[in-house]
Amino acid sequence: MITPTNTRPVVNRRGSTVWYVETEGGPYAVKIGYPSHTHAHTALAPSREAHILRALGAGPIYDGEWAEGTWSVQPWHSGPSLYEQWAVHRTPGNRTAPSRRDVLASATALADLHRSGWVHGDVQPAHLIMGRAAATLIDLGLARGGPVPVRWDFPYKGCLVHYEAPEIARSVLVHGTAEPTHASDVYALGASLMISATGRRHVAYADEASREDQRQAIVDKPHRPVMIAGGLGGLVDAMLSYRPSDRPTAHEVCAALMLAT
């Protein structure tokens, strides 16, 4: 389909293997899904994401099935992740302020997705790719908002816990599933900005704590104080409001950043 000229592995964990593939027409990401030891749905995620990307008008996108799950091919988005971009701010003694342009680019990418009718459901620093002119939200395998073929669909069972909103963590603990929303995406973006700028998770819990204990801490504890240089602390603090209705929308985050510049 794409005639590779060079390949290299990028990720191989939690039921997903990803390659960076060079071609004469440009770079691609090739994803292979298979059941992980904790989640069977990871086998379906590549084709589920491919369907969503096509619904959003992205392309060219290819996907199919193999013996252990599904696979997909999509254009590669070049650039560092938000976490990589902000590495300098996590060095000891550093007092430089994170780029408001990066925050606006990230919030704009999320606002655009919400405007299209979709919820991402897995916003995290590694999924925000910082390009020269804009940011791109990748990994839409858990997104909700439109019809998905039944053979590729699966319940939402939360995301990487470090970025879960309290209402998501509570629902997963009680019911085993949850329903991501625009508000939980905004919370996850706030948690992503905080950890990328400071190296600190939004809620304190032991590294070795079980997923259940981590989620219980998110439900029970207030988030840590937001200590980000450059006046972004107040905005991120609002994004991390415990009650979903108290959080700004992604569009409001963008508006606040543009007013401040």
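Look a little higher up for the structure.
Quick caveat, the model's predicted, so the values are computed rather than measured.

Trainee: Would you explain the pairing of strand β1 (residues 6-13) in this entry?
Mentor: It is a general feature of regular strands that their side chains alternate between the two faces of the sheet. Sheet topology note: the β1/strand β2 (residues 16-22) ladder contains 7 bridges and is antiparallel. Counterpart to Asn 12 in the pairing with β2 is Thr 17. Between β1 and the antiparallel strand that follows it, β2, lie 2 residues; Arg 14 among them carries a positive phi value of about 50 degrees.

Trainee: What exactly am I supposed to notice about the packing of helix α3 (residues 100-115) against helix α8 (residues 250-260) here?
Mentor: In helix packing, the relevant descriptors are the interaxial angle and the interaxial distance, both defined with respect to the helix axes. Where α3 meets α8, the axes come as close as 8 Å, and the angle between the chain directions of the two elements is 150 degrees. Between α3 and α8, the interaxial angle falls into the category roughly antiparallel. Classified by chirality, the crossing of α8 by α3 is left-handed. Facing α3, whose interface residues are Arg 100, Val 103, Leu 104, Ala 107, Thr 108, Leu 110, Ala 111, His 114 and Arg 115, α8 presents Ala 250, His 251, Val 253, Cys 254, Leu 257, Met 258 and Ala 260. Broken down by class, the residue content of the contact of α3 with α8 amounts to 11 nonpolar, 3 polar and 2 charged.

Reading guide: rules and limits
- Residues numbered from 1 in each chain as written.
- Predicted model: local features only at pLDDT ≥ 70, side-chain atom pairs only at ≥ 80, totals over all residues.
- Heavy atoms only, no water.
- Pairing = 2+ DSSP bridges.
- Helix = DSSP H or I, 4+ residues; strand = E, 2+ residues; numbered from the N terminus.
- Axes fitted to C-alpha atoms, helices over the stretch in contact; angles between N-to-C directions.
- Parallel < 35°, antiparallel > 145°, perpendicular 65-115°, else oblique.
- Left-handed = near helix turned anticlockwise from the far one by under 90°.
- Contact = heavy atoms within 4.5 Å.
- Nonpolar A, V, L, I, M, F, W, Y, C, P; charged D, E, K, R; others polar.

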